[in-house]
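# What the coordinates show
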Amino acid sequence: MVAEVLQMLRERVRPGVTTLELDQLAEKQCVKWKARPAFKGYGGFPFTICASPNDRVVHGFANQDRLQDGDIISIDFGLIFDGFYGDSAITVPVGQIDSKTEQLLRVTKESLDCGIAAALPDGHLSDISNAVQTRAERDGFSVVREFVGHGIGRQLHEDPQVPNYGLPGRGSRLKEGMTMAIEPMVNVGLPGVKVLEDGWTAVTVDGQFSAHFEHTIAITDNGSEILTSLGN
Ligand code: MG
Ligand code: MG
């Protein structure tokens, strides 16, 4: 369901669209399914999606500003259905983006893929962290430290935290049946972020672009399964 909503929103992204329109589409779909948006009301967060364009890193508010050619927009979405949460994020180009920004999106998505590939039964939690960081930094990008992935299931945010940096072979062991959200936030410039006066929106300290990709996965007996993919 999370994957379907994100797919629907991705198809709507183009110059002229507002993030409030995307937010309302996501909420409408939740109502239709009798699912509950995971973020709306969470700690007082006011929207169904987190909409974080350009130098916004995560937790941005949807608004009536029109997306413009050359922007990127990170859309983070989760819902709860039948007692269980799903959580996923994509970053989508708006119209034509420059080659550095294209590279940022590709590398951030690949760092998520690397993290997922490192999520193995009997492996260590920090193997995921190290795989994400290594892929992002190989192309000269930096990973955000202040926000991390997380266990997920009957709660949106469960233990353990899943950082996007660190040495491999540390922390708890991964076991079949564990479910977690892996979510690299990768910056073109400095890794630092700050939170705006709204108390939520995180932006890069240097004003350069940031991308965010996330999947909810389950550790299986021989690897992992992505739970927030349409499987195509
Ligand atoms: Mg998320
Ligand atoms: Mg998450």
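Our next topic: the nonpolar core. The biggest cluster of nonpolar side chains holds 34 residues, and the ones touching the most others in it are Ile75 and Phe77. Here Ile75 is in contact with Leu6, Leu9, Val13, Leu22, Ile49, Cys50, Ser88, Ala89 and Ile90, once residues within four sequence places are set aside.

Time to look at helix H1 (residues 2–12). In an α-helix, one turn spans 3.6 residues, which is why side chains three or four residues apart end up on the same side. Those residues of H1 not exposed but buried are Val2, Ala3, Val5, Leu6 and Leu9. Burial along H1 is one-sided: seen end-on, the buried residues are contained in an arc of 160°.

In the first shell of the magnesium ion (ligand 1), the protein supplies Asp76 (OD), Asp76 (OD), Asp87 (OD) and Glu214 (OE), at 2.0 to 2.6 Å from the metal. Separation of the magnesium ion (ligand 1) from the magnesium ion (ligand 2) amounts to 3.1 Å, with Asp87 serving as a shared donor to the pair. A residue pair is termed long-range when its members are at least 10 positions apart, and Asp87 in strand E5 (residues 84–93) and Glu214 in the loop between strand E13 (210–212) and strand E14 (215–219) qualify at 127 residues.

Assignment of secondary structure puts Glu158 in strand E8 (residues 158–162). When the C-alpha positions of Glu158 and Met180 are compared, they lie 8.3 Å apart, and in sequence the two are 22 residues distant. Non-local contacts of Glu158, meaning those with residues more than four positions away in its chain, are made with His150, Gly151, Ile152 and Gly153. A distance of 3.0 Å separates a polar side-chain atom of Glu158 from the backbone nitrogen of Arg154.

It is worth spelling out the packing of aromatic side chains at this point. Counted according to the given criterion, the structure contains four aromatic pairs. With a centroid separation of 6.4 Å and 75° between ring planes, the pair formed by Phe45 and Phe47 is classed as edge-to-face. For Phe45, a relative accessible area of 3% puts it in the buried group. Seen from their ring centres, Phe45 and Phe61 are 5.6 Å apart, and the 80° between their planes marks the pair as edge-to-face.

An order of E3-E12-E11 is seen for the three strands of this open sheet, with the pairing classed as antiparallel. Two strands in the sheet have a free side with no partner beyond their single neighbour: strand E3 (56–58) and strand E11 (193–195). Pairs of neighbouring strands in the sheet enclose a mean axial angle of 40°, with direction left out of account. Inspection of the sheet shows E3 paired to strand E12 (residues 202–204) by two bridges, in the antiparallel sense. From the neighbouring strand, Arg56 faces E12, where its bridge partner is Val203.

So, on to the sheet that holds strand E10 (residues 185–187). Read from one edge of the open sheet, three strands run E6-E10-E13, paired in antiparallel fashion. With partners counted over all chains shown, the strands left at the sheet margins are strand E6 (142–143) and E13, one partner each. The sheet contact formed by E10 and E13 spans three bridges and is antiparallel. By the bridge assignment, Val186 is partnered in E13 with Ala211.

Below, the discussion takes up the pattern of salt bridges. Counting across every chain of the model gives six salt bridges. Note that Asp113 and Lys109 form a salt bridge whose closest N and O atoms lie 3.0 Å from each other. Pair noted here: Asp113 and Lys109 are both in helix H3 (residues 99–117), with a separation of four residues, about one helical turn. Residue Asp113 is classed as partly exposed on the basis of its relative accessible area of 34%. Here Lys109 falls in the partly exposed class, since its relative accessible area comes to 32%.

Two elements in contact, H3 and helix H4 (residues 125–138), have axes separated by 8 Å at closest approach and are oriented at 155°. In this view, H3 runs roughly antiparallel relative to H4, as classed from their interaxial angle. The interaxial crossing formed by H3 with H4 has right-handed handedness. Between H3 and H4, the residues in contact are Val107, Glu110, Ser111, Cys114 and Gly115 and Ile128, Ala131, Val132, Arg135 and Ala136, respectively. Among the residues forming the contact of H3 with H4, the class breakdown is six nonpolar, two polar and two charged.

Rules used in this analysis
- All residue numbers refer to positions counted from 1 along the written sequence of the respective chain.
- Labels follow written order: the first chain is A, the first ligand is 1, and so on.
- Reporting in this predicted model follows two pLDDT cut-offs: at least 70 for local features of residues, and 80 or more for side-chain atom pairs to be given and counted; totals over whole chains, interfaces and linings ignore these cut-offs and use all residues.
- The side-chain values count all of the structure's non-hydrogen atoms but skip hydrogen atoms and water molecules.
- Only buried Ala, Val, Leu, Ile, Met, Phe, Trp, Tyr and Cys residues count toward a nonpolar core, and they belong to the same one when joined by side-chain atoms within 4.5 Å.
- Exposure classes here rest on a 1.4 Å probe applied to the protein chains alone. A residue is buried below 20% of its type maximum, exposed above 50%, and partly exposed in between.
- Residue contacts are counted whenever heavy atoms from the two residues lie within 4.5 Å of one another.
- Segments assigned H or I by DSSP are reported as helices when at least four residues long, segments assigned E as strands when at least two residues long, and all are numbered from the N terminus.
- As used here, the arc is the angular range of directions from the helix axis to the C-beta atoms.
- Donors, by definition, are the N, O and S atoms found within 2.8 Å of a metal, the threshold being 3.2 Å for Na, K and Ca, and water is not counted, so a site can look incomplete.
- In the analysis that follows, any N or O atom pair within 3.5 Å is treated as a polar contact, provided that within protein one partner can donate a hydrogen and the other can accept it, and provided that, for residues neighboring in sequence, both atoms belong to side chains.
- Centres within 6.5 Å are what make two rings of Phe, Tyr or Trp a pair, Trp counting through its six-membered ring; a difference in plane orientation under 30 degrees is then read as stacked, over 60 as edge-to-face, and the rest as tilted.
- Two strands make a pair as long as DSSP finds a minimum of two bridges between them.
- The angle between two axes is taken between their N-to-C directions and runs from 0 to 180 degrees, where each axis is a line fitted to C-alpha atoms and a helix contributes only its stretch in contact.
- Whenever Lys or Arg places a side-chain nitrogen within 4 Å of a carboxyl oxygen from Asp or Glu, that contact is recorded as a salt bridge.
- Here roughly perpendicular refers to angles of 65 to 115 degrees, roughly parallel to angles under 35, roughly antiparallel to angles over 145, and oblique to all remaining angles.
- By definition, turning the near helix anticlockwise from the far helix through less than a right angle yields a left-handed crossing, and turning it clockwise yields a right-handed one.
- Amino acids are sorted into nonpolar (Ala, Val, Leu, Ile, Met, Phe, Trp, Tyr, Cys and Pro), charged (Asp, Glu, Lys and Arg) and polar (every other residue, Gly among them).

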